[in-house]
Amino acid sequence: MNGLMWKHSGEPEFLQAVKEVLESIKDVYNQHPEFEKAKLIERLVEPEHVYMFRVPWTDDNGEVHVNTGYRVQFNSAIGPFKGGLRFHSSVNLSIMKFLGFEQTFKNALTTLPMGGGKGGSDFSIRGRSDAEVMRFCQAFMQELYRYIGPDEDVPAGDIGVGGREIGYLFGEYKKLTHQFQGVLTGKGMEWGGSILRPEATGFGALYFVNQMLQTRNIDIKGKTVAISGFGNVAWGAAKKATQLGAKVITISGPDGYIYDPEGICDEKIDYMLDLRGSGEDICAPYAEKFAGSQFFEGRKPWEQKADIYLTCATQNELNGEDADRILASKPLCVAEVSNMGCTAEAVEKFVHAEQLFAPGKAVNAGGVATSGLEMTQNSMRLHWSADEVDDRLHYIMHSIHEQCVKYGTQPDGYIDYVKGANVAGFMKVANAMMAQGIV
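Here the structure is a predicted model, which means the values were calculated and not measured.

## A few points about the environment of alanine 234
By secondary structure assignment, the location of alanine 234 is in helix H9 (residues 232-243). What makes alanine 234 buried here is its relative accessible area of 0%. Considered as a pair, alanine 234 and threonine 201 are 33 residues apart in the sequence and their alpha carbons are 8.8 Å apart. Beyond its immediate chain neighbours, meaning those up to four positions away, alanine 234 contacts Ile227, Ser228, Gly229, Met272 and Cys312.

## Overview of the nonpolar core
Counting residues in hydrophobic clusters, the biggest one holds 61 residues, and the most contacted among them are Phe208, Ile227, Leu310 and Ile400. The element contributing the most residues to this core is helix H8 (residues 200-214), with 8 residues. Formed by 36 residues, the second largest nonpolar core is a distinct cluster that contains Leu40, Tyr70, Ala108 and Ala430.

## So, the pairing of strand E1 (residues 49-58)
Across 10 bridges, the pairing between E1 and strand E2 (residues 64-75) is antiparallel. Paired with tyrosine 51 across the two strands is arginine 71, which belongs to E2. Here E1 folds back onto E2 in antiparallel fashion, the turn holding 5 residues, of which glycine 62 has a positive phi close to 85 degrees.

## Observations concerning the sheet that holds strand E9 (residues 294-297)
One open sheet holds the 7 strands; their spatial order is E9-E8-E7-E6-E10-E11-E12, and the pairing between them is mixed. Every interior strand has two partners, whereas the edge strands, E9 and strand E12 (357-358), have only one. Here 4 bridges tie strand E7 (residues 247-253) to strand E8 (residues 256-259), and the two strands are oriented antiparallel to one another. Note on E8: the bridge partner recorded for glycine 253 is glycine 256.

## Here's the deal with the pattern of salt bridges
Evaluated as defined, the whole model comprises 22 salt bridges. Put simply, lysine 187 and glutamate 374 hold a salt bridge, and the shortest N to O gap is 2.7 Å. Within this pair, whereas lysine 187 is found in the loop between helix H7 (163-177) and H8, its partner glutamate 374 is found in helix H15 (residues 366-380), the two being separated by 187 residues in sequence. Comparing lysine 187 with glutamate 374, the two get one shared label, buried. Aspartate 322 is the salt-bridge partner of lysine 300, the closest N and O atoms lying 2.8 Å from each other. Linking lysine 300 in the loop between E9 and strand E10 (308-311) with aspartate 322 in helix H12 (residues 320-328), this pair joins segments that are 22 residues apart in sequence. On the basis of relative accessibility, which here comes to 33%, the residue lysine 300 falls in the partly exposed class. A single network of salt bridges, built from pairs that share partners, joins Glu20, Glu102 and Lys361.

Cut-offs used in this document
- Throughout this description, residue numbers start from 1 for each chain and increase along the sequence as written.
- Local features in this predicted model are restricted to residues of pLDDT 70 or higher, and side-chain atom pairs are both shown and tallied only at a pLDDT of 80 or more, whereas totals for entire chains, interfaces and linings draw on every residue.
- Note that the side-chain values use all heavy atoms of the structure and ignore hydrogens as well as water.
- Secondary structure elements are taken from DSSP: a helix is a run of H or I of four residues or more, a strand is a run of E of two residues or more, and numbering for both begins at the N terminus.
- The buried label goes to any residue with under 20% of its type's maximum accessible area, the exposed label to any with over 50%, and the partly exposed label to all in between, with areas taken from a 1.4 Å probe on protein chains only.
- Any pair of residues with heavy atoms lying within 4.5 Å of one another is described as a contacting pair.
- We define a nonpolar core as any set of buried Ala, Val, Leu, Ile, Met, Phe, Trp, Tyr and Cys residues linked to one another through side-chain atoms lying within 4.5 Å.
- In short, DSSP must find at least two bridges between two strands for them to pair.
- Counted as salt bridges are all cases of a side-chain nitrogen of Lys or Arg within 4 Å of a carboxyl oxygen of Asp or Glu.

What follows is the structure, encoded as structure tokens:
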């Protein structure tokens, strides 16, 4: 860690992600001197490839803009690189590397043959027309296409990249390569997409949370759920939580959060898609549309009392002070549905208090798992039904939970899901790297 901090001092998110994993795996790592001899950790924390490129594009007024594009191909020990593309003004190299590093272990947990990668750009879709988004996506793919392929690197969507953006990216890839390939996931149903992919991250998270509660003989039915975000992840989580009988009481955006004591269900959940599709990164209009709800400007939903707390927006959105506030409410469960949704301080507080807590690489793996299922369908030239995809998603989330319990159960019976997920993912990747030699 000292060496990494000196070498990558300007990459705090990446260093945070690496430190969490290394601290979790140190005991099991020290039981394998062959790992040390092969300098496995030194290789594991360096991405195989990092591509950075300029993305020039023209807006509707004819003005030229230049953004930076990234693709971090972190580790391909267990399969082709796999991970989303994020279009957001906050994107930088540190965030891309942290996400690619996390993705390596998350993908290993899914039981599917996928390596880890991540990409994106500091382009923001907020306030941009369809034509501008299309031109940016085409310009982005004109560079990215050189580094991806169905057996090399298969990107998906992430923040700012939904079905519309995947469509524009795929169209340009097909034009440039003259190939109709399963090179992107999150595609439309008519051209190779998988049923349930938009909902999969949220659905899988609730399957995982439900299993966590069952380890303590707790029924999720009737419980209140505080959720952050209002995009696809939050939408899927709200939808599945409601189906399981829980009541979602909050959503949030950069402008603040919505508190709806009557529950966010039915048409209210559908309205979340309208908010996302508006291109405006705000959730305030919800309170204007639905009587009985309140909008709290510039504040976080973690101040509301709930049984279950789910981060569904972005990295480090829940800090140490938020953790103290949540712990004071004596919740049943906390889970990172967003990638590294909690700061290191917050995670430490939850684990120290033996709070039932799930890290992102385990609880939100349903999204990339369903992307892997989409890859399988594309390779087989088949299209599975919703029940078939959901059954496989259930199985994958159950398998991830089993791995976390296996490696994370402590002598006093507390399940440290952070340690369990990190050790399980690490051992799979480490064994594959050892088998393939010093490469």
